[in-house]
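Report on the structure
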Amino acid sequence: MTSVVFDVAVTAAGLAVLLAGGWLLVKAAARLSLAFGISPLIVGATVVALGTSAPELSVSMAAALEGSGGLAVGNAFGSNITNVLLVLGIASLIRPMDVHPSLLRWEMPVLGVATAAVILAGLSGMIGHVVGAALFVGLIIFVALSLLRHREKEVPHGGEEFTRARDPLSRWGIAREITLLLVGIGALALGSALTVEGSVGIAERVGLSDVAIGLTIVAIGTSLPEIVTTAVAAYHGEREIAVANVVGSNIFNLLGVLGLTATVSTLPIDSELYSFEVPVLAAATAALFLVAWTNRRIVRVEGIALIALFVIVLGIVLARGGL
């Protein structure tokens, strides 16, 4: 009984830290993008996306180094599926999400190419060092070109944070916001770790199998930063950051998490993934394109549909995992 209480307390503490970290990250990112004349779109797709993808990177790297490359791959795939179906679904329920035209012209096509590249690379049964390095180089090129494409001379028009933060930041102000940004990223990583640890403890006590835990709790747990950050951004009216965070996080998961992890340790790709997880990954990415192109807006009805699909996928994963 005491152990269960401890697991619940750890989970609750993790969620609280996540909420605080998401709030700090969105606020600091909004202020910094204004100060440096960079659109909130690029900040969401790069800085915020990198920060919220930190748990996926740490979990995948640790798993690969310990000889559990399959967990690293499953975590990245599962996180991308969760980001599209659950994260965007929740955000659009809070507030309908506008999709910036530039996102449709650049970040989303890059996501499509990255998804196809990883799927094709996995057909060989592994992602080796050379392919991993190529994926990671692709991420660096994406970030560099994104900064060049979205650099703005005009002050960006964002949501409530931008409305409250139009005064130029001093050097001390910039240093403060960078510090808050780093604290927010650290809080997301810590909160995610605590929440996953507590949730896994609870799941083990109620009889979930190891496979089911890995494909559900770990994937959802490492996506909690995206869930919290995107929801906070949506609530505060930072719609560009909200949608760009999901798209950018998925790009980072494929090119950065899998790429860097495979560069360090070869990742085996189980052929069983192609019977369900890979098709779902492709379908989730296609669904993202579909809802984004529909009037360039993700409305509440579409959000409900995305969440419903996630529940169905979760049920199938639990059934396949031997619950």
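Look a little higher up for the structure.
On a predicted model such as this, the values are computed, not experimentally measured, just so you know.

1. Focus on the overall build of the chain
Looking only at helices and strands, the chain features 12 helices and four strands. Expressed as a percentage of contacts within the chain between residues at least 6 apart in sequence, the contacts between residues at least 24 apart total 88%. Roughly 13,600 Å² of accessible area belongs to the chain as shown, and the carbon and sulfur atoms make up 71% of that amount.

2. Digging into a nonpolar patch on the surface
Residues Val137, Ile141, Leu145 and Leu148 make up a contiguous nonpolar surface patch of roughly 370 Å² in combined accessible area. Its place among the elements puts Leu148 in helix H6 (residues 129-150). Looking at Leu148, the relative accessible area reads 68%, which means it is exposed.

3. Re helix H11 (residues 277-293)
With 17 residues, H11 extends 24 Å between its outermost C-alpha atoms, agreeing within 8% with the 24 Å of an ideal straight helix rising 1.5 Å per residue. Of all the residues in H11, the buried ones are Glu277, Val278, Val280, Leu281, Ala284, Thr285, Ala287, Leu288, Val291 and Ala292. Positive backbone phi, at 55°, marks Asn295, one or two positions downstream of H11.

4. What about the nonpolar core?
Among the nonpolar cores identified, the biggest contains 77 residues, and Phe77, Leu85, Leu103, Ile251, Leu258 and Leu267 are the most heavily contacted of them. Among the elements that make up this core, the one with the highest residue count is helix H10 (residues 239-264) (12 residues).

5. Notes on the pattern of salt bridges
Here the structure, examined in full by the defined rule, presents one salt bridge. For Glu177, the salt bridge goes to Arg176, with nearest N and O atoms at 3.0 Å. Of the residues examined, Glu177 reaches a relative accessible area of 2% and is grouped as buried. Residue classification places Arg176 among the partly exposed residues on the basis of a relative accessible area of 41%.

6. Some remarks on the packing of helix H5 (residues 101-122) against H11
Where H5 meets H11, the axes come as close as 11 Å, and the angle between the chain directions of the two elements is 170°. If you check the angle between H5 and H11, you find them roughly antiparallel. Considering only the axes of H5 and H11, their crossing is left-handed. Judged by residue contacts, Leu104, Met108, Pro109, Leu111, Gly112, Thr115 and Ile119 of H5 engage Val278, Leu281, Ala282, Thr285, Leu288, Phe289, Ala292 and Trp293 from H11. Here the residues of the contact of H5 with H11 sort into 12 nonpolar, three polar and no charged.

7. Observations concerning the environment of His236
You can see His236 is positioned in the loop between helix H9 (210-235) and H10. Residue class for His236 comes out buried when judged on its relative accessible area of 13%. Considering only alpha carbons, one finds His236 and Lys27, 209 residues apart in sequence, at a separation of 9.3 Å.

8. Let's talk about the packing of aromatic side chains
In this structure the tally under the stated criterion is one aromatic pair. Their ring planes at 20° and their centres at 6.1 Å tell us that Trp106 and Phe142 sit as a pair that is stacked. Taken as a pair, Trp106 in helix H5 and Phe142 in helix H6 lie far apart in primary sequence, 36 residues in all. Accessibility assignment for this pair places Trp106 and Phe142 in one class, buried.

9. Notes on the environment of Gly198
One can find Gly198 in helix H8 (residues 171-205). Between the C-alpha atom of Gly198 and that of Gly14, which follows or precedes it by 184 residues, the distance is 8.2 Å. With residues near it in sequence (within four places) discarded, Gly198 still touches Asp7, Val10 and Thr11.

Calculation criteria
Residues numbered from 1 in each chain as written. Predicted model: local features only at pLDDT ≥ 70, side-chain atom pairs only at ≥ 80, totals over all residues. Heavy atoms only, no water. Helix = DSSP H or I, 4+ residues; strand = E, 2+ residues; numbered from the N terminus. Contact = heavy atoms within 4.5 Å. Areas by Shrake-Rupley, 256 points an atom, 1.4 Å probe, with all protein chains shown as cover. Patch = residues over 30% accessible without salt bridge, like charges linked within 9 Å, V, L, I, M, F, W, Y side chains within 5 Å. Salt bridge = Lys/Arg side-chain N within 4 Å of Asp/Glu carboxyl O. Buried < 20%, exposed > 50% of the residue type's maximum accessible area, 1.4 Å probe, protein only. Expected span 1.5 Å × (residues − 1). Core = buried A, V, L, I, M, F, W, Y, C linked by side-chain atoms within 4.5 Å. Axes fitted to C-alpha atoms, helices over the stretch in contact; angles between N-to-C directions. Parallel < 35°, antiparallel > 145°, perpendicular 65-115°, else oblique. Left-handed = near helix turned anticlockwise from the far one by under 90°. Nonpolar A, V, L, I, M, F, W, Y, C, P; charged D, E, K, R; others polar. Phe/Tyr/Trp six-rings, centres within 6.5 Å; stacked < 30°, edge-to-face > 60°.

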